[in-house]
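Remarks on the overall topology
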Amino acid sequence: MGRTRVLAAVLCAAVLATTAAARAAPLAVTEIAPGVFVHQGAIAEPAPDNGGDTANLGFIVGGSGVAVIDTGGTPEVGRRLREAIAARTDKPVTVVIDTHMHPDHIFGNAAFAGVPVAGHANLQDAVAARQEVYQRRLADELGADAAAGITPLRVDQPVADALRIELGGRTLVLTAYPTAHTNNDLTVFDPQTGTLFAGDLLFLDHLPAVDGSAVGWLGVIDTLARVPAVRVVPGHGPAVGPAVADWPGALEPERRYLTALVEGVRRVLKAGGSIQEAVTQVAQDERARWLLFDAYNPRNVTATFAALEWE
Ligand SMILES: [Zn+2]
């Protein structure tokens, strides 16, 4: 190769590299049913090695538009989701559906500015009360740049009970629940394919995190089990494969853990035990069955102890 051609090749590579850096790399997505796409986040807490990409995200393509279901843990994850959508369809994103308040699910909303947001009727207030803390934590976990561009969340379509969203020949059913994982949990059901996006009402492999009510969550599991789904996308854990096609069986590990949590805390309380004793004793048989057990079980026990202390 002559000098000129080498130089041309180097320049060309430099231009390609610059273009790639300016445009976010699309997230990996899988089409799990016709027009239904999922991205599986890392089963981990947000950290530099995963860039805050720790929640499962999805989108559903209708005849006239696209519904995004959760947007990721940072604006950058949201931009990468937007690129993944653009790679699969020319249809515009017409609604962002936030399944609940947790930052790993909503901070990518910044990449969809101007698109109406649908969420639980409690969502906007719940985020407003916590946003400062969430942003500070994100900056601690990933650096100050990760939180750049996050704005307050405005819910344009609040869901108190249920809401149908039309995408052009495809109708999604959004359902709001009483306090369970949080006080603002929402699911999205696509009757056309029998696909249920459960948000964090369903954890697989990743230990469930209780930021609402463990007792309430057990009640919601009974309600969820009646949804006529053929597959389910959990908020955390495998989003493709045999586990997601087992419905309502996919709810059982979570039900077993939450039952052990509630019964264990009640036993300690009845015996006059302390919160510290509860943390070391409750649900220990579950440790080997879950990822991130030691990160979340102490918090779950503490929250459940405080909630059940006065019952
Ligand atoms: Zn959550």
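Everything that follows concerns the structure shown earlier in this document.
Here's a quick rundown of the structure. (Residues numbered from 1 in each chain as written. Predicted model: local features only at pLDDT ≥ 70, side-chain atom pairs only at ≥ 80, totals over all residues.)

1. So, the nonpolar core
In this structure, Phe59, Ala67, Val68, Ile97, Val232 and Leu261 are the most contacted members of the largest nonpolar core, which totals 82 residues. The contacts of alanine 67, once residues within four sequence positions are left out, are Phe59, Ile60, Thr94, Val95, Ile97, Ile165, Leu167 and Leu172. (Core = buried A, V, L, I, M, F, W, Y, C linked by C-beta atoms within 7 Å. Buried ≥ 20, exposed ≤ 12 C-beta atoms within 10 Å, placed from the backbone. Contact = placed C-beta atoms within 7 Å.)

2. A word on the sheet that holds strand 1 (residues 30-33)
Taken in spatial order, the seven strands line up as 1-2-3-4-5-6-7 in an open sheet, and their pairing is mixed. One side of each edge strand has no neighbouring strand; the edge strands of this open sheet are strand 1 and strand 7 (157-159). Across the sheet, the mean angle separating the axes of adjacent strands is 25 degrees when strand polarity is ignored. Examined bridge by bridge, strand 5 (residues 93-97) and strand 6 (residues 117-120) share two bridges and lie parallel to one another. If you follow isoleucine 97 over to strand 6, its bridge partner there is alanine 118. (Pairing = 2+ DSSP bridges. Helix = DSSP H or I, 4+ residues; strand = E, 2+ residues; numbered from the N terminus. Axes fitted to C-alpha atoms, helices over the stretch in contact; angles between N-to-C directions.)

3. Some details on helix 8 (residues 293-308)
Think of an α-helix as turning once every 3.6 residues; residues three or four places apart then point the same way. Over its 16 residues, helix 8 runs 21 Å from end to end, which matches the ideal 22 Å to within 8%, given 1.5 Å per residue. The complete set of buried residues in helix 8 reads Asn297, Asn300, Val301, Thr304 and Phe305. All buried residues of helix 8 fall inside an arc of 130 degrees around its axis, so they share one side. Close packing links the buried residues of helix 8 with helix 5 (214-224), helix 6 (252-270) and helix 7 (275-281). (Expected span 1.5 Å × (residues − 1). Arc of directions from axis to C-beta.)

These figures capture arrangement, not role.
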